Amino acid sequence: MIKKLLIANRGEIAVRILRACKDLGIETVAVHSTADADAMHVRLADESVCIGPAQPRESYLNVPAIISAACITGADAIHPGFGFLSENSTFSYMVKEHGLTFVGPDAEHIAMMGDKIMAKKTVARLGLPTVPGSDGAVTNIDKALKLADEIGYPVLIKAAGGGGGRGMKVARSKADFVEAYETARREAGISFGNDRVYLEKYLENPRHIEFQVIADKYGNAVHLGERDCSLQRRNQKVWEEALSTVLTPEFRDTFGRKIAKAISELGYLGVGTLEFLYENGQLYFIEMNTRIQVEHPITEMITGIDIVREQILVASGEKLSFTQDDVKFRGHAIECRINAENAETFIPSAGTVTSYHCPGGPGVRVDSALYEGCKVPPYYDSLIAKLIIHANDREQCLARLRRALREYVIGGVDTLIPLHLKLADNPDIIAGNFNIHFLEKLTEQ
Ligand code: ADP
């Protein structure tokens, strides 16, 4: 069993992991940049180590500094959280080479799923449906044009190494294909150091639906149902729900078990999310995230399972404490991402939080690292809090959400709270009538 865990992250996820450790009696080590010396995760940890200057490259992405911090403090494991080094297979490998436990899957599985082409091939081989498209990378423009004709326009050109909603270009017709293809390759080379691209049918009105899985090292794998993350801006999720309103219990059960079986066959360890697009009653795999996700709390609320705790336990070599038949879904949950951004222009807003009042009451959970007087530095992701609401059904969940959003006070920085208030009152959202383009259309008006 892990005795002392170093958390290689910051912000609300570092606090979330710290809380799971405290519940498990595991000692904690926080790491931080000079910009985060007074941050909440540093204050709550048993020990902390400054690993470098504010720039992520020099601190939260600084592998030698992080591994040294673990060795100096006597930590026996590292949790990468999400973002930063969480999907870096070399990091996972190096952590193990230093005799430490990496709270995540094997380097081999991180690398496999980090390459979207390989991920699609693997998942297809395991019998799951994928978005129709090219069978691997396309390297030659003539072949690419021919393939695009076969797939049928519109076609999406995606970077094999893409992530964070970047590295995608749509070609609506043959006339835009060459330019879109060349731009996608060039940008992929610059942004991801890998210019391999592949083609996918561009689905016009899908929902984004993803399944949460967890597996131990004894071949036990379980799915924890799905989340609907269709409300996105620039392919980045803003609002998530569990369960989705479109899958029937029978479909969920059959499809979910199929996914769990595939994960078990893969020999996968830890938590993961398989992302799909849903159109005309079908799910099509797009990618897998091999880490804890921002939106995991809504699944925790409807299943009663502490996913981060279970993640740490399976990484320690424990057996999963529940089976598929033990997993029961109760009620509905919604998460609103509270980013420090202007709710109309989406321009990031850094500064000092001058006043803070957190909502509460039945069904309200807030995961954040905020406190009055804390700083929101300009160097990192703008997510500063997650408002997570649970109720017996979706209608009650929306009512509680409106109540909590109106109570929430974050002074000194701009936040997305006004946008979420608008969404919670929107008739289409209330009716559950939206797809991945909904938010972008709404905010363009
Ligand atoms: P990333 O790793 O950058 O998050 P994903 O492959 O998960 O990239 O895609 C992110 C989002 O882009 C999806 O949630 C969806 O909104 C959109 N998207 C991806 N593939 C397609 C597709 N084939 N057709 C339409 N939209 C897509």
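Everything numeric in this text was worked out from a predicted model, so none of it was measured.

A. Geometry of the environment of Y379. Secondary-structure assignment places Y379 in the loop between β18 (375–376) and β19 (383–391). According to the relative accessible area criterion, Y379 is partly exposed, its value standing at 37%. With 30 residues separating them in the primary sequence, Y379 and V409 have C-alpha atoms 23 Å apart. Contacts of Y379, omitting those with residues within four sequence positions, involve A35, A54, Q55 and P56.

B. Seen up close, the nonpolar core. W239, I338, L370, L387, L401, Y408 and I410 are the most contacted members of the largest nonpolar core, which has 39 residues in total. Those elements that provide at least two residues to this core are β11 (236–242), β14 (332–339), β17 (364–368), β19, α12 (394–407), α13 (417–424) and α15 (438–444). The residues touching I410, leaving out its near neighbours within four places in the chain, are I338, V353, S355, Y356, L370, T415 and I417. In this structure, I26, L269, L320 and F322 belong to the second largest nonpolar core, which totals 34 residues.

C. Examining the packing of aromatic side chains more closely. Under the counting rule described, the total for this entry stands at 14 aromatic pairs. Considering the side-chain rings of F251 and F255, the 5.6 Å spacing of their centres and the 15 degrees angle between planes classify their relative orientation as stacked. One end of the pair, F251, and the other, F255, are both in helix α9 (residues 249–266), 4 residues apart, so they sit about a helical turn from each other. Since its relative accessible area comes to 27%, F251 is described here as partly exposed. Among the residues examined, F255 registers a relative accessible area of 8% and is labelled buried. Taking the centre distance of 5.8 Å and the plane angle of 65 degrees together, the rings of Y379 and Y380 count as edge-to-face. For Y380, a relative accessible area of 10% puts it in the buried group. By the ring-pair criterion, three or more aromatic residues cluster together here, those being F211, F251, F255, F276 and F285. One cation-aromatic arrangement involves R207 over F434; the distance from NZ or CZ to the ring centre is 4.8 Å. Against the face of F346 rests R233, its NZ or CZ located 3.7 Å from the ring centre.

D. Structural context of the pairing of strand β12 (residues 270–279). Counting buried positions along β12 yields 10 of 10 residues, so the element is predominantly enclosed. Of the strand pairs in this sheet, strand β9 (residues 207–215) and β12 are connected by 9 bridges, and their pairing is antiparallel. Its bridge partner lying in β12, A215 is registered against G270. Relative to strand β13 (residues 282–289), β12 runs antiparallel, the two sharing 7 bridges. The residue of β13 that forms the bridge with T273 is N289. Between the antiparallel neighbours β12 and β13 lie 2 residues, among them N280 with a positive phi of about 45 degrees.

E. Examining the sheet that holds strand β3 (residues 47–52) more closely. A sheet is described by the order of its strands in space; here 5 strands give the open sequence β3-β2-β1-β4-β5, paired in parallel fashion. Two strands lie at the open edges of the sheet, namely β3 and β5 (101–102), each paired on one side alone. Strand direction decides the pairing type here: strand β4 (residues 77–79) and β5, joined by 2 bridges, are parallel. What sits directly across from I78, in β5, is F102. Lying on the sheet, helix α3 (residues 63–73) is in contact with β1 (4–7), β2 (27–33), β3 and β4; it crosses β3 at an angle near 150 degrees.

F. Structural context of the environment of A399. With respect to the element layout, A399 can be found in helix α12. Along the primary structure A399 and D425 are separated by 26 residues, whereas in three dimensions their C-alpha atoms are 9.5 Å apart.

G. Fine view of the side chain of T73. Topologically, T73 is positioned in helix α3. For T73, a relative accessible area of 11% corresponds to the buried category. Looking at T73, its side chain comes within polar contact range of the main-chain oxygen of A69, at 2.7 Å. Those residues in contact with T73, other than ones at most four positions away along the chain, are K4, V29, E47 and V49.

H. Highlighting the site of the ligand. Contacts to the ligand come from 21 residues, most closely from G165, K201, H208, Q232 and E287. One of the side-chain nitrogen or oxygen atoms of K116 is found 3.0 Å away from an oxygen atom of the ligand. Within the contact set of the ligand, a nitrogen atom lies 3.0 Å away from a side-chain nitrogen or oxygen of K158. Against a free-state accessible area of 550 Å², the protein chains account for coverage of 95% of the ligand. Those elements that provide at least two residues to the shell around the ligand are β6 (155–163), β7 (166–171), β8 (197–201), β12 and β13. The dominant element in the shell around the ligand, judged by the number of residues it contributes, is β6, at 3 residues. Its residues placed into classes, the shell around the ligand shows 8 nonpolar, 6 polar and 7 charged. Here the shell around the ligand gathers at least three residues from each of two domains, domain 2 (132–201) and domain 3 (207–444).

The rules behind the values
- Residues numbered from 1 in each chain as written.
- Predicted model: local features only at pLDDT ≥ 70, side-chain atom pairs only at ≥ 80, totals over all residues.
- Heavy atoms only, no water.
- Helix = DSSP H or I, 4+ residues; strand = E, 2+ residues; numbered from the N terminus.
- Buried < 20%, exposed > 50% of the residue type's maximum accessible area, 1.4 Å probe, protein only.
- Contact = heavy atoms within 4.5 Å.
- Core = buried A, V, L, I, M, F, W, Y, C linked by side-chain atoms within 4.5 Å.
- Phe/Tyr/Trp six-rings, centres within 6.5 Å; stacked < 30°, edge-to-face > 60°.
- Lys NZ or Arg CZ within 6 Å of the ring centre and 35° of its normal.
- Pairing = 2+ DSSP bridges.
- Axes fitted to C-alpha atoms, helices over the stretch in contact; angles between N-to-C directions.
- Polar contact = N/O pair within 3.5 Å; in protein donor to acceptor, adjacent residues only side chain to side chain.
- Near = heavy atom within 4 Å.
- Areas by Shrake-Rupley, 256 points an atom, 1.4 Å probe, with all protein chains shown as cover.
- Nonpolar A, V, L, I, M, F, W, Y, C, P; charged D, E, K, R; others polar.
- Domains from an automatic or database assignment.

Function cannot be inferred from these measures alone, as they are strictly geometric.
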